[in-house]
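These are the residues of each chain, in order.
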Amino acid sequence: MVEKRRAGLRRSGAGPLGLKASGSAAARRERRAGKEAARNKQLHSDVDKGDGSIKYILSGEGASSIFIIDENTGDIHATKRLDREEQAYYTLRAQALDRLTSKPVEPESEFVIKIQDINDNEPKFLDGPYTAGVPEMSPVGTSVVQVTATDADDPTYGNSARVVYSILQGQPYFSVEPKTGIIKTALPNMDREAKDQYLLVIQAKDMVGQNGGLSGTTSVTVTLTDVNDNPPRFPRRSYQYNVPESLPVASVVARLKAADADVGPNAEMEYKIVDGDGLAVFKILVDKETQEGIITIQKDLDYEAKASYTLRIEAANKQVDPRFLSLGPFSDMTTVKIIVEDVDEPPIFTSRLYTMVVSEAAKVGTIIGTVAAHDPDASNSPVRYSIDRNTDLERYFNIDANSGVITTAKPLDRETNAVHNITVLAMESQNPSQIGRGYVAITILDINDNAPEFAMDYETTVCENAEPGQAIQRISAIDKDDPPSGHQFSFSLAGEAANNHNFTLQDNKDNTASILTRRNGFRRQEQSVYYLPVFIVDSGSPSLSSTNTLTIRVCDCDADGIAQTCNAEAYILPAGLSTGALIAILACVLTLLVLVLLIVTMRRRKKEPLVFDEERDIRENIVRYDDEGGGEEDTEAFDMAALRNLNIIRDTKTRRDVTPEIQFLSRPSFKSIPDNVIFREFIWERLKEADVDPCAPPYDSLQTYAFEGNGSVAESLSSLDSISSNSDQNYDYLSDWGPRFKRLADMYGTGPENLYS
């Protein structure tokens, strides 16, 4: 029968139950004992006679790969190093077989191999490195943080997994409990402002810290958190600031900051003015970002009234820790002196708003009121007044520059503008750039200067079948005036209509009146329209009245009194033309009018206007003449010499298309005359020509001339002007040049035969 055993094996190398040596004598003794125990036990079957007929086989967890069995002896060997931390137990099955038949001679047996631990794993801090914080000034023994190391060795076998803690770096400020790993403060009154961070090195060693044990380390960063242990202090006992008196309200005058070595909420400040003569003029606020005290102005400064202020400022921590009150008061005081600097200020009016009244019946020059301003500076410069015309565009008012008296400059009309809001400017005489502004509201008092009139344009109708005494219209009136007691109108018919037999008027005494019929039997054929003058009087003082004409049309009405048609022509149309015929006639008339307009327009377009169009540039006009010259032989059609030389003396205009009498003119010399004289004479000649020209238009016109002056002092290089001057040049040699130059020889030759050619 196969014996079932438990073989306790340590980690070993290849070979039969080979064990690895360790660094300690105790470990070596344990390995020797384990090796001996393993060798003394083997798998053996009672059937095995030792003759080799029995064969042993091994199966199960790790068989053949980790463990092998000697099939002849039953000895079990490990083929590789074993690690208890990877697997602590192996379950195997063994069986003895007949070598010849391979049949089991005994039932299969199961056994467990347990790997015994050795100290081959150092402690490890799985959560490291650590960071922690502790308040500054904490007492000795204050817990900071707990560190924990883990050893993978078997805690149930020996001391391989028993760890103790020690501190390698961080003394004497901190300590660590050997068994628990709790780090505590070891010194009192550690000050964050002196040093705010510490780096600790903690060691964990197994084998209860004995020699030969394995160890591991971790780092712990300890930060001292702030407490309010530092009171605020001003760097200086007094401050002085200069500010101009023109500084506007809410402007910043100064920034103060009390030094506090603490941070965060422990450094938050409160500032207040506790004393001084500027409590009502200045206030102090806190800048929450910088914890500065900001002094601002809450009332206008006036150098002439007060030139300096002294303030007592207190700074205090918002949060105070009672544990540190012994370190002193957590507040501080300083003195701030503010010097007001004088600046040149604009004049100041005695009132920000002046209210004045004037009747709309006031004559031009009537005094309305007076404004007054003064220079607030010590110089007390005289002030001159003016009205900002942007607020008085119609120039209804004037102001005396010296006295500030406002008068009317134009007649006023309350119905156009009941209130005038003007701005008065006060300017220093010595410094006109300093301008003060005052505001004046002038109310125009009403007078009864508008007569009443109909409230609307009434369209009144009366039915042909109207009965006497029937009301056909209710009228009312309006008045642009605004009397204090309200309007009260009275109505009546004008004198010429008071006794008419058709209509009458009834005053309702409520600012309305009713128009009534006096008879019946109105007929459109007899009279289609009646005009009724209505006399309206207001209640003003003096009262005003007006006569308004009410137009009443006679209409054909239905049984309910609703007008159907009011045209008298309705009775005439059936006897004359029909409506369609009238429309056709009207269409023909319109067509004829359109044709006439078209004809007139076409005729006007054919005529060139005598006056130049403003949009046309007369300098760019091109005048076209269908006039052909005589070619080379035509030398008299145009005076080319006049175009080339403007200094030729001009005579009465003659025709240029016929040969004139020969005139030998001497060429005047203008070589020494300045250009501006030449231009003036040139323009003067053109002006005289235009004055005597019978074809010139009888109105002023713009003439443009392109004149470049006399040109070279050598006169023109062209020979075209030779015909109009006595030239000393002899051109007789042109006759010797051949037939091609015959024409030039004939034109410029000096022979008598050339005078009339």
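Data block above holds the structure.
Residues numbered from 1 in each chain as written. Predicted model: local features only at pLDDT ≥ 70, side-chain atom pairs only at ≥ 80, totals over all residues. Heavy atoms only, no water.

Chemist: Explain the state of the cysteines to me, using residue names and the numbers behind them.
Modeler: Counted under the stated rule, the structure contains 2 disulfides. Between the sulfur atoms of Cys 555 and its disulfide mate Cys 566 the distance is 1.6 Å. Negative torsions about the S-S bond denote left-handed disulfides, and the value of about 100 degrees found for Cys 555 with Cys 566 makes this one right-handed. Here Cys 555 is found in strand 37 (residues 545-557), whereas its partner Cys 566 is found in the loop between strand 38 (563-565) and helix 2 (579-606), with 11 residues between them in sequence. Should the bonded cysteines of the protein be numbered as they appear in the sequence, the pairing reads 1-3, 2-4. (Disulfide = S-S within 2.5 Å. Helix = DSSP H or I, 4+ residues; strand = E, 2+ residues; numbered from the N terminus.)

Chemist: Let's hear about the side chain of Asp 321: which residues, and what values?
Modeler: Following the sequence through the fold, Asp 321 ends up in the loop between strand 19 (308-317) and strand 20 (331-341). We classify Asp 321 as buried; its relative accessible area is 16%. Side chain to side chain, Asp 321 and Arg 323 meet in a polar contact 2.8 Å long. (Buried < 20%, exposed > 50% of the residue type's maximum accessible area, 1.4 Å probe, protein only. Polar contact = N/O pair within 3.5 Å; in protein donor to acceptor, adjacent residues only side chain to side chain.)

Chemist: Pulling in residues and values, what's your account of the nonpolar core?
Modeler: In terms of nonpolar packing, the biggest core is built from 26 residues, with Ile 475, Phe 491, Phe 503, Ile 515, Val 534 and Ile 552 touching the most fellow members. Within the residue set of this core, elements represented by two or more residues are strand 31 (460-463), strand 32 (471-478), strand 33 (490-493), strand 34 (503-507), strand 35 (512-517), strand 36 (529-537) and strand 37. Not counting chain neighbours up to four residues away, the residues in contact with Ile 475 comprise Phe 454, Tyr 458, Phe 491, Leu 505, Asn 511, Thr 512, Ala 513, Ile 515 and Val 534. Listed in part, the 23 residues of the second largest apolar core include Tyr 239, Ile 295, Tyr 309 and Ala 315. (Core = buried A, V, L, I, M, F, W, Y, C linked by side-chain atoms within 4.5 Å. Contact = heavy atoms within 4.5 Å.)

Chemist: Could you give an account of a negative patch on the surface, with specific residues and numbers?
Modeler: A grouping of Asp 300, Asp 302, Glu 304, Asp 342 and Asp 344 is seen on the molecular surface, where their side chains present a negatively charged patch. Among the secondary structure elements, Asp 302 is positioned in the loop between strand 18 (292-297) and strand 19. What makes Asp 302 partly exposed here is its relative accessible area of 30%. (Patch = residues over 30% accessible without salt bridge, like charges linked within 9 Å, V, L, I, M, F, W, Y side chains within 5 Å. Areas by Shrake-Rupley, 256 points an atom, 1.4 Å probe, with all protein chains shown as cover. Salt bridge = Lys/Arg side-chain N within 4 Å of Asp/Glu carboxyl O. Lys, Arg positive; Asp, Glu negative; His and termini not counted. Charge placed at Lys NZ, Arg CZ, Asp CG, Glu CD.)

Chemist: Requested: an account of the packing of aromatic side chains, with residues and values cited.
Modeler: For the coordinates displayed, the defined rule picks out 14 aromatic pairs. Measuring from ring centre to ring centre gives 6.4 Å for Phe 234 and Tyr 271, while their planes differ by 55 degrees; the resulting arrangement is tilted. Note that Phe 234 is positioned in the loop between strand 13 (215-225) and strand 14 (238-244) and Tyr 271 in strand 16 (residues 269-276), a separation of 37 residues in sequence. Plain terms: the ring middles of Phe 454 and Tyr 458 are 5.4 Å apart, the flat faces sit at 90 degrees to each other, and that makes the pair edge-to-face. Its relative accessible area of 13% is what places Tyr 458 among the buried residues. Three or more aromatic residues joined by ring pairs make a cluster, and in this case those are Tyr 173, Phe 174 and Tyr 198. One Lys or Arg, Lys 410, reaches over the ring of Tyr 396 and ends 5.1 Å from the middle of that ring. (Phe/Tyr/Trp six-rings, centres within 6.5 Å; stacked < 30°, edge-to-face > 60°. Lys NZ or Arg CZ within 6 Å of the ring centre and 35° of its normal.)

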